[in-house]
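# Structural overview for review
The residues making up each chain are set out below.
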Amino acid sequence: SLSVIKTVANPDKMAKRFEASVLGNLGGVYLFLGEPQRALQYHTDALGIWQTLNDADFLDGQADAHQKIATVYSYLGQKREALKRYEQALAIFRQASPHIKTLMRNRTSEAGIFNAIGVVHAQLGENRQALSYYNQALKTAVDAWTRRRGLTHRAAAVNGLPMIVSGLMKFS
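One numbering rule holds for all chains: residues counted from 1, following each sequence as written. Local features in a predicted model are, by the rule used here, given only for residues with pLDDT of at least 70; side-chain atom pairs are given and counted only at 80 or more, and totals for whole chains, interfaces and linings are based on all residues. Just so you know, side-chain values use all the structure's heavy atoms and leave hydrogens and water out.

## Comments concerning the environment of Met14
Our working rule: Secondary structure elements are defined from DSSP: runs of H or I of at least 4 residues count as helices, runs of E of at least 2 residues count as strands, and each element is numbered from the N terminus.
Of note, Met14 is situated in helix α2 (residues 11–32). Along the primary structure Met14 and Leu53 are separated by 39 residues, whereas in three dimensions their C-alpha atoms are 9.9 Å apart.

And the structure:
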């Protein structure tokens, strides 16, 4: 693909993309180790790099960084900031859709963000909003699987999303 050729032809972009990915991975490790402030710093640094790349081919990296930052804020109990970051990630994923080669991954990521927003609303006791986002997550995930695999895989999509189904059952 042309975007791959452009990226390979620009080793600086490849190095920056790799650096941002590694920083994001380190952030995930530090969150797992119970060091959320350190995780937040690594994810914020990764976001800064993705933003400097300023290329439609790297919008998914920006969205992913916002999603990871939102997860840290949620972990820290800063639910409103988490919701703001999840919404930013969602907006970027939608903007990136035409540019991302693996649209299935993008739609699945979008479903994950809807689910995460639903979880935060549930934690805030905002059950109607949570239910709305869980429903959007389910619809988006089933749609992604249906487009990729055909109608026979709709059940697999639902079975693969136990948290969403659990959330739906909790509020129905």
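## Overview of the environment of Glu81
One can find Glu81 in helix α5 (residues 79–96). Expressed as a C-alpha distance, the spacing of Glu81 and Ile69, which sit twelve residues apart in the sequence, is 9.4 Å.

## Remarks on the layout of surface pockets
As a reminder of what qualifies: The method works on a 1 Å grid over the protein atoms by themselves. A cavity is a set of points holding a 1.4 Å probe that cannot get out, a pocket is an open set with protein on both sides within 12 Å along at least five of seven lines, and residues with an atom within 4 Å of a point line them. Grid points are joined across faces, edges and corners, and a volume is the space filled by probe spheres set on the points. Amino acids outside the nonpolar list (Ala, Val, Leu, Ile, Met, Phe, Trp, Tyr, Cys, Pro) and the charged list (Asp, Glu, Lys, Arg) are all regarded as polar, and Gly is one of them.
Empty space within the second largest pocket amounts to approximately 160 Å³. If you go around the second largest pocket, you meet 14 residues; those closest to its centre are Ser21, Trp50, Gly61, Asp64 and Lys68. Elements with a minimum of two residues in the lining of the second largest pocket: α2, α3 (36–53) and α4 (59–75). Class assignment of the residues belonging to the lining of the second largest pocket gives a composition of four nonpolar, five polar and five charged.

## A short note on the pattern of salt bridges
How we decide: Each reported salt bridge corresponds to a side-chain nitrogen of Lys or Arg within 4 Å of a carboxyl oxygen of Asp or Glu. To sort residues, take the accessible area from a 1.4 Å probe on protein chains only and compare it with the maximum for the residue type: under 20% means buried, over 50% means exposed, and anything in between is partly exposed.
Under the criterion given, the structure shown has seven salt bridges. Of the charged contacts in the structure, one is a salt bridge between Glu35 and Arg38, with a shortest N-O distance of 3.6 Å. Since its relative accessible area comes to 40%, Arg38 is described here as partly exposed. Counted as one network, the salt bridges with shared partners bring together Glu81, Lys84 and Arg85.

## Some thoughts on α3
One turn of an α-helix holds 3.6 residues; hence residues three or four places apart share an orientation. Spelled out, the test is: Multiplying one less than the number of residues by 1.5 Å gives the expected span of a helix.
With 18 residues, α3 ought to run about 26 Å at 1.5 Å a step, and its terminal C-alpha atoms sit 26 Å apart, in line with that. Those residues of α3 that fall on the buried side of the exposure criterion are Pro36, Ala39, Leu40, His43, Ala46, Leu47, Ile49, Trp50 and Leu53. Where α3 ends, the next residue or the one after it, Asn54, has phi of about 45 degrees, a positive value.

## Things to note about the packing of aromatic side chains
When we look at a pair of aromatic rings, we describe it by the centre distance and by the angle of the planes. Condition: Pairing of aromatic rings covers Phe, Tyr and Trp, the last through its six-membered ring, and needs centres within 6.5 Å; plane angles under 30 degrees mean stacked, over 60 mean edge-to-face, and all others mean tilted.
Per the counting criterion, the structure on display carries two aromatic pairs. Note on Tyr30 and Tyr42: the rings are 5.4 Å apart at their centroids and 5 degrees apart in plane angle, and the pair reads as stacked. Remark: Tyr42 occurs in helix α3 and Tyr30 occurs in helix α2; sequence separation between them is twelve residues. Judged by relative accessible area, which is 16%, Tyr30 ranks as buried.

## Some remarks on the packing of α3 against α4
Pairs of packed helices are described in terms of their axes, by the angle between the two and the distance that separates them. As a reminder of what qualifies: Think of each axis as a best-fit line through the C-alpha atoms, taken over the contacting stretch in the case of a helix, with angles from 0 to 180 degrees between the N-to-C directions. Each angle gets one of four labels, with under 35 degrees taken as roughly parallel, over 145 as roughly antiparallel, 65 to 115 as roughly perpendicular, and the rest as oblique. The sense of a crossing depends on the near helix, which, turned anticlockwise from the far helix by less than a right angle, makes the crossing left-handed and, turned clockwise, makes it right-handed. We call two residues in contact when some of their heavy atoms are within 4.5 Å.
Where α3 meets α4, the axes come as close as 9 Å, and the angle between the chain directions of the two elements is 160 degrees. Here α4 runs roughly antiparallel to α3, going by the angle between their axes. The crossing of α3 and α4 is left-handed. For the pair α3 and α4, contact is made by Pro36, Ala39, Leu40, His43, Thr44, Leu47, Trp50 and Gln51 and by Gly61, Gln62, Ala65, His66, Lys68, Ile69, Val72, Tyr73 and Tyr75, respectively. Considered class by class, the residues forming the contact of α3 with α4 number ten nonpolar, six polar and one charged.

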